[in-house]
Structure formats: structure tokens, C-alpha cells
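Listed here are the chains, written in short residue letters.
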Amino acid sequence: MNTFKNQALKELTEQQTRFAPVARRQLQIANAQKLLTEIEPGKAYPYQYVCFRVTEFRSDAHPDLLLSGESLKHDLAQFVRRVERSLPAQPVEQTVEPMLTLDEVSQKFNVSTKTISRWRVKGLAARRVKVNGRSQLGFPTAAVEKFVAEHKVLVEKGARFSHLTDAEKEDILKLARELRDAGGTLTEVSKKIASQLHRSPEAVRYTIKNFDRVHPEGALYPHTAGPLSEAAKQEIYMAKRQHEIDLKNANPAGDTVSAIAKRFGRTRTSMYRVVNEVRAKELVQQPIDYMYNPDFDDPSKEAEIAGEMPGQSEFDAKRAGKTPPKDVPPHMAHLYEWPLLTKEQEQHVFRKMNFLKHKLHQLQSAIDPARATVEELRKAEQLKQGIRDTRDVLINCNQRLVYAQAKQKLALGENIDDLVSDGNLSLMRAVEKFDYARGNKFSTYATWAIMKNFARSIPDAKTHKQRYMTGHDELFEAKADIRTDEQEVLALADQARARVNRLLDHLDARTREVIRMRTGLDGSEEMTLEQIGQHFGITKERVRQINVRGMKMLREWAAKENVEVP
């Protein structure tokens, strides 16, 4: 199950994958894995306690939220997986400590890779590494030895497991047919056969379901028996989405709607109905927080509120001719590509964003997922896109506030990129929480929010650094981090090219082409900055800036849309 059970943990995960520095994310993974081993399913845990244990930051969010131990174990495992995926893969030759690959751990302890996945939930540490140019999981030797020492019984039990032979699979299927004909459900049949053959119910269930998948015409438990399960509906929805992505990328490799319908023994119409139902459920379950205004319910003011921003043409002209100050580093130049909004423009954009949220909330309340129409879902997507567009304008036009505050707070030996990353999170929260109706200037509110966050996070970071001094910190400070954002995008593209292509659609045409050429996403060889610059008639430094900014936007869109990109 790839979804979170607690919205607060999902939001925390998105924040860390988008804004936390690489070293901090690595520490959080270790903290989460340690906490996983301490959680008891029958207990409840305050969210703020969990947040502190994982991030070492005392949050004031969700003060009354209690998380059940069972759901917390599930979500912490999700946290570890997603944060690990967000880390740039490091070449295995450059790792400080010896690493074992997934296959090497599997062979060493004579266990399956699925067993190792279960061990990771129990606390086995792993990280992304590159082996022969391919991104995969690596396991530090010291972490493996520590896990084995602490879980001797578990490791010995896994080593005694043997894979099913073809004869054993035939016995399982024969018994399953007899028990099914006697009226047994899949769960009941799996448990009975497991007891007779001294196998796990999961192994028996997997054997039956795998047979049904390969032989739909002779399936023991076909999908047509009764209504579709939620898992089957989700599978149909994901298959349909993948087919749409393949068509958009001119690579129709996935199942067509007809093929999906045949696989589940249903009609094409029912497939579309299932897809609409899942989309509608996702929409209904999505919380919407906004500042209400009585004008939102006045039809006579709708055109004015949703219309073009005052002085739009002048704003566009300023943006086209905008150049950054000379003292701004090249990788921060994009912060000055957007002009500041006037107070009138700012009020309009904030009102429009909250108005669109109000409309989406009304649509959300009126939709019945089981009867949702295509038109309702299309309208919802249009409203969500409008909200994203207005929010991005407000964030882009105010990002220089973050840089200005970060420069003031920057101390000797600190990295301004980390401060800007931290401050951007405060800016995004401020955009969501600002009450424009009070007539105050947003820059005042945002500056206060950024300063408040710095006042809390900077001392915490210093305390942490002092607490974990190694005596060799100058070595770590001096060693350059050669793992660039480009490596992260390449790792993602290697494993989920179709999904990355879908995210690229959010970028403008030139940025999209620069990233494709730089990373070879279209199957061609990777091009150098100079080659791309010659293609577009721009300098290679400008190409690098476009590439860095584009990849930053990719990560933001991936987090916003909750796209799983390994």
C-alpha cells in the first residue's frame, strides 16, 4: 500500500523531500528507522513527539493529533521509502563505508528480496547508490551486521525459508480448486492450505492470484465474482493513467482500455466508470484550506474576481525585461525573474486563489464519487490548475524575500542554499495562511514568518552540530558534494521515464527541451551544456541556470501531485 494513513505524516514527508538538505534527509531516515523499532501497535503517539523524533525539530502543528501505533508504523515505513527515493544516488565507489547490493544481501543470508524489504521495515538501513550507472539500493556493511546481531531469530527464520517448487504449486492449486468448490473464500482457502503444507498464507495466496493473473480463462477467483475491490479499482485507475501517459509520449506500450476491461472481465464502459469513481474519491478526500469572503457567493462579482490581474500587460513587460542584480549568484538569478506585485495586484491574486479554492470546495461537497461525471472532474482539474497557477505567481514574486532574509542570517561556514530552502517552506505556508481581506501587505507577513522560522531553525541546527561534533568536521566541510540535482533527475528518469515525462509537461517548451537534451530522456545521447547552448543560441551558463531551475520545478510538481517517482 503506497498511500499514507495520516495526512499529517504525508505533509511532513512532502516537506522534507522537497526542502530538507541531503544530509538532513539522511539523518531523518535513520531517526525514522530507529523510531520504527520502538513503536507498539496498541499505543497512541502524539504527532509532535513523532515529528521531533524524526526531524529533531519541535513543531507546533497538530498539537492535539494522536496517531495509532499501527498506522504510525505504516506511515513511518512510507516516510523512509519516499525520503530515500528523494536522495541523489551516490556512485558506490565513492561511498565512505563498504556497501552491499540487494542481491549480495539476498545471497549472503539465503533470503528473498521480499524478505529484505520486510527487514527494512524492521530497521535495516539502506540508501540509494549507483552500480554500473544504474541506481539501486545499497546496504552499509556495518548496518547489516548490526541488524543481524539484533534480529538473530528473524534472520535465521528467513534463511530456513525455501521457494515453492513447481510440484508444490500444483498441489496448492489442486487443493484450492477443491476448497473453492466447497464454498471457501480466497482468504479461508489460503489459511487452510498453508496449515496443511506448512507454508505461509501469503505464499499460498500469491500462488493462487498469480495463476489467476496468468490464466484468466481458468482463474480460480476471477475478478467477475462480485463487485470490484478497492484494490482492483485502484489497479484499473493506475493502468488507465499509465496508458494516457504512454499515448502522450507516443509510446503506447501499456494496456489499452479494452485490454484492461478484458483482464478484469468487465466492459469498457465500466472501466471508465471505475476511473471516474477513483478520481472523484481522491478529490473528495483532499482537504481544502482557504480564506472565505462573502463576495465569493455573489454571482455578479465572479467575473471580476476570476478575471485578469490589474496591470497584467505592464507586469508581463516588466517580467520580460527583468535582470537580476550583479551581486546575486548565478544559481539564485531566477529569484529575480519575477517583478514585485503592487498592493492592488497582490490583493487580486490572493482573492482569486481563495475564490478558486472556494469553488473547488463547493464542487467537492456536491460530488458523489459513485456518480461523478466527466464534466465535474474536468472542472475540478481546471480549478486545481488555476489554484496552482495563482499560488505560483505569489511564490515566485516573493522568493527574493527569502534570499534577502537568508543573507542577513547567514553565518560563517553556513550554506545559504540550506537557509533559502528552509525559508521557501515558510513562504509557501505564508501564501496559504495569509488573510488578504485585512488589507495588510503580504511582504510584511511573509517576512515575519520567514524570520520566525529562521529564529527557531538556525539555533536548532547549531545545537545539533555542536552535539554531534566528531573532531573531524573540517574534513566534511571541505569535501565538495559532487552529487548534483542532475544526478537525482537521472536516477528518477532511469526508473520511471514515463512519469517524469508527465511532470515535464508542467515546464515551458525551452526548459523541457533543455532537460531532455541534458539527460537523454528521449533516448538520445546526453548533450553537454555547450552543445545545448549552440542549439538554442545561448551561453552554456544560461543553459545551466535553465536546467537547475527546471529540475527544481520538477521536484516541486512531483511533491504537489504526489507522483511516485523511485
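Just above sits the structure.
What you see is a predicted model, and the numbers here were worked out from it, not measured in a lab.

(A) Representation of the overall build of the protein within the structure. The number of helices and strands found in the protein is 26 helices and six strands. Residue burial in the protein is summarised as follows: out of 566 residues, 43% are buried. Partitioning the contacts of the protein with sequence separation of at least 6, the portion at a separation of at least 24 is 70%. Total accessible area on the protein stands at roughly 30800 Å², and carbon and sulfur atoms take up 52% of it.

(B) Molecular detail of the side chain of Thr-101. Here Thr-101 is to be found in strand β4 (residues 99-101). Once you skip the residues sitting within four places of it in the chain, Thr-101 turns out to touch Val-131, Gln-136, Leu-137 and Phe-139.

(C) Up close: the packing of helix α1 (residues 7-19) against helix α19 (residues 416-433). α19 packs onto α1 with a crossing angle of 135° between their chain directions and a minimal axis gap of 9 Å. Taken together, the axis directions place α1 and α19 in an arrangement best described as oblique. Crossing of α1 against α19: the hand is right-handed. Where α1 abuts α19, its residues Gln-15, Arg-18 and Phe-19 lie against Ser-421, Asn-424, Leu-425, Met-428 and Arg-429. Here the residues of the contact of α1 with α19 sort into three nonpolar, three polar and two charged.

(D) Local environment of the sheet that holds strand β5 (residues 127-131). Taking strand neighbours across the sheet as the criterion, the four strands line up as β3-β5-β6-β4 in an open arrangement whose pairing is mixed. Looking along the sheet, the strands with just one partner apiece sit at the ends: β3 (90-91) and β4. Bridging between β4 and strand β6 (residues 134-140) involves three bridges; their strand directions are antiparallel. In the strand pairing of β6, Leu-100 is matched with Phe-139. The strands that helix α5 (residues 102-109) touches are β4 and β6; relative to β4, the one it contacts most, it runs at about 85°.

(E) Spotlight on the pairing of β6. Within β6, five of the seven residues are buried, which leaves it mostly tucked inside the rest of the structure. When β5 meets β6, the two strands line up antiparallel, connected through five bridges. Following the sheet pairing, Arg-128 is matched in β6 by Leu-137. Hairpin connection of β5 to β6: two residues between the antiparallel strands, including Asn-132 at a positive phi of 55°.

(F) Seen up close, the pattern of salt bridges. The full count for this structure, using the stated rule, is 22 salt bridges. Arg-53 is the partner of Glu-38 in a salt bridge, and the nearest nitrogen-oxygen pair spans 3.0 Å. Here Arg-53 lies in helix α3 (residues 47-55) and Glu-38 lies in the loop between α2 (22-36) and β1 (44-46), a separation of 15 residues in the sequence.

(G) Quick peek at the packing of aromatic side chains. Per the stated rule, a full pass over the model turns up 10 aromatic pairs. Centre to centre, the rings of Phe-350 and Phe-442 are 5.1 Å apart; their planes meet at 55°, and the pair counts as tilted. Placement of Phe-350 in helix α17 (residues 343-366) and of Phe-442 in helix α20 (residues 442-467) is noted, with a sequence separation of 92 residues between them. On the basis of relative accessible area, Phe-350 is assigned to the buried category, the value being 0%. These aromatic residues form a ring-pair network of at least three members: Phe-350, Phe-434, Phe-442, Tyr-445 and Trp-448. Positioned over the ring face of Phe-52 is Arg-58, at 4.0 Å from the centre of the ring.

(H) Structural view of the environment of Thr-323. Among the secondary structure elements, Thr-323 is positioned in the loop between α16 (312-320) and α17. Judged by its relative accessible area of 59%, Thr-323 falls in the exposed class. Separated by 14 residues in sequence, Thr-323 and Glu-337 place their C-alpha atoms 6.6 Å apart.

(I) Here's a closer look at the nonpolar core. The biggest cluster of nonpolar side chains holds 51 residues, and the ones touching the most others in it are Phe-350, Leu-360, Leu-394, Tyr-403, Val-420, Val-431 and Phe-442. Of all the elements in the fold, those that place two or more residues in this core are α14 (268-285), α17, α18 (374-409), α19 and α20. Here this core takes 12 residues from α18, the largest share from any one element. Leaving out residues up to four positions away in the same chain, Leu-360 has contacts with Leu-283, Ile-288, Ala-380, Leu-383, Lys-384 and Ile-387. Residues Ala-8, Leu-72, Phe-79 and Leu-87 belong to the second largest nonpolar core, which totals 23 residues.

(J) Up close: the packing of α18 against helix α26 (residues 540-560). Following both chains from N to C, one finds α18 and α26 inclined at 135°, their axes separated by 14 Å at the closest point. On the basis of their axis angle, the class for α18 and α26 is oblique. Viewed along their axes, α18 and α26 form a crossing whose handedness is right-handed. Contacts between α18 and α26 involve Gln-385, Arg-388, Asp-392 and Gln-399 from the former and Lys-552, Trp-557 and Lys-560 from the latter.

(K) Examining the environment of Lys-322 more closely. Position of Lys-322 relative to the elements: it lies in the loop between α16 and α17. For Lys-322, a relative accessible area of 31% translates into the label partly exposed. The spacing of Lys-322 and Trp-338 is 16 residues in sequence and 7.1 Å in space, taken between C-alpha atoms. Ignoring sequence-local partners within four residues, the contact set of Lys-322 consists of Tyr-336, Glu-337, Trp-338, Pro-339 and Arg-400.

(L) Expanded view of the pairing of β5. Counted residue by residue, β5 has four buried out of five residues, so it is predominantly covered. Two strands pair when backbone bridges link them, and β3 and β5 are joined in this way by two bridges, in the parallel orientation. Counted as the bridge partner of Pro-91 is Lys-130 from β5.

(M) Representation of the environment of Met-451 in the model. Inspection of the secondary structure assignment puts Met-451 in helix α20. Given a relative accessible area of 38%, Met-451 falls into the partly exposed group. Between the C-alpha atom of Met-451 and that of Ala-406, which follows or precedes it by 45 residues, the distance is 8.9 Å.

(N) Looking closely at unusual backbone geometry. Notably, Glu-56 is not glycine yet its phi reads approximately 60°, a positive angle. For Glu-56, the position within the fold is in the loop between α3 and β2 (66-68).

(O) Local environment of the side chain of Arg-388. By the element assignment, Arg-388 lies in helix α18. Leave out the neighbours within four places in its chain, and Arg-388 touches Trp-557 and Lys-560.

Cut-offs and rules
- All chains use their own residue numbering, which begins from 1 and follows the written sequence.
- Where local features are concerned, this predicted model is filtered to residues with pLDDT of at least 70; where side-chain atom pairs are given and counted, the filter is 80 or more; whole-chain, interface and lining totals use all residues.
- Working from all heavy atoms in the structure, the side-chain values ignore hydrogens and water.
- The secondary structure listing takes helices from DSSP runs of H or I that are at least 4 residues long and strands from runs of E that are at least 2 residues long, numbered from the N terminus.
- Exposure categories follow from relative accessible area, calculated using a 1.4 Å probe and restricted to protein chains: below 20% of the type maximum is buried, above 50% is exposed, and the middle band is partly exposed.
- In what follows, residue pairs with any heavy atoms lying within 4.5 Å of each other are defined as contacts.
- Here the open area of atoms and residues is found with the Shrake-Rupley method and a 1.4 Å probe, where only the protein chains shown may cover a residue.
- Interaxial angles span 0 to 180 degrees and are taken between N-to-C directions of axes, which are lines fitted to C-alpha atoms, for helices over the stretch in contact.
- Note that the term roughly parallel is reserved for angles under 35 degrees, roughly antiparallel for angles over 145, roughly perpendicular for angles of 65 to 115, and oblique for everything else.
- We call a crossing left-handed when the near helix sits turned anticlockwise from the far one by less than a right angle, and right-handed when that turn is clockwise.
- Ten residues, namely Ala, Val, Leu, Ile, Met, Phe, Trp, Tyr, Cys and Pro, are considered nonpolar, four, namely Asp, Glu, Lys and Arg, are considered charged, and the remaining ones, Gly among them, are considered polar.
- Paired strands are those between which DSSP finds at least two bridges.
- Only one rule defines a salt bridge in this text: a Lys or Arg side-chain nitrogen within 4 Å of an Asp or Glu carboxyl oxygen.
- Stacked, edge-to-face and tilted are the three classes for Phe, Tyr and Trp ring pairs, Trp counted by its six-membered ring, which pair at centre distances within 6.5 Å; planes under 30 degrees apart are stacked, over 60 edge-to-face, the rest tilted.
- Definition used: whenever NZ (Lys) or CZ (Arg) falls within 6 Å of the ring centre and also within 35 degrees of the ring normal, the charge is taken to sit over that ring.
- Among buried residues, those of type Ala, Val, Leu, Ile, Met, Phe, Trp, Tyr and Cys that are joined through side-chain atoms within 4.5 Å constitute a nonpolar core.

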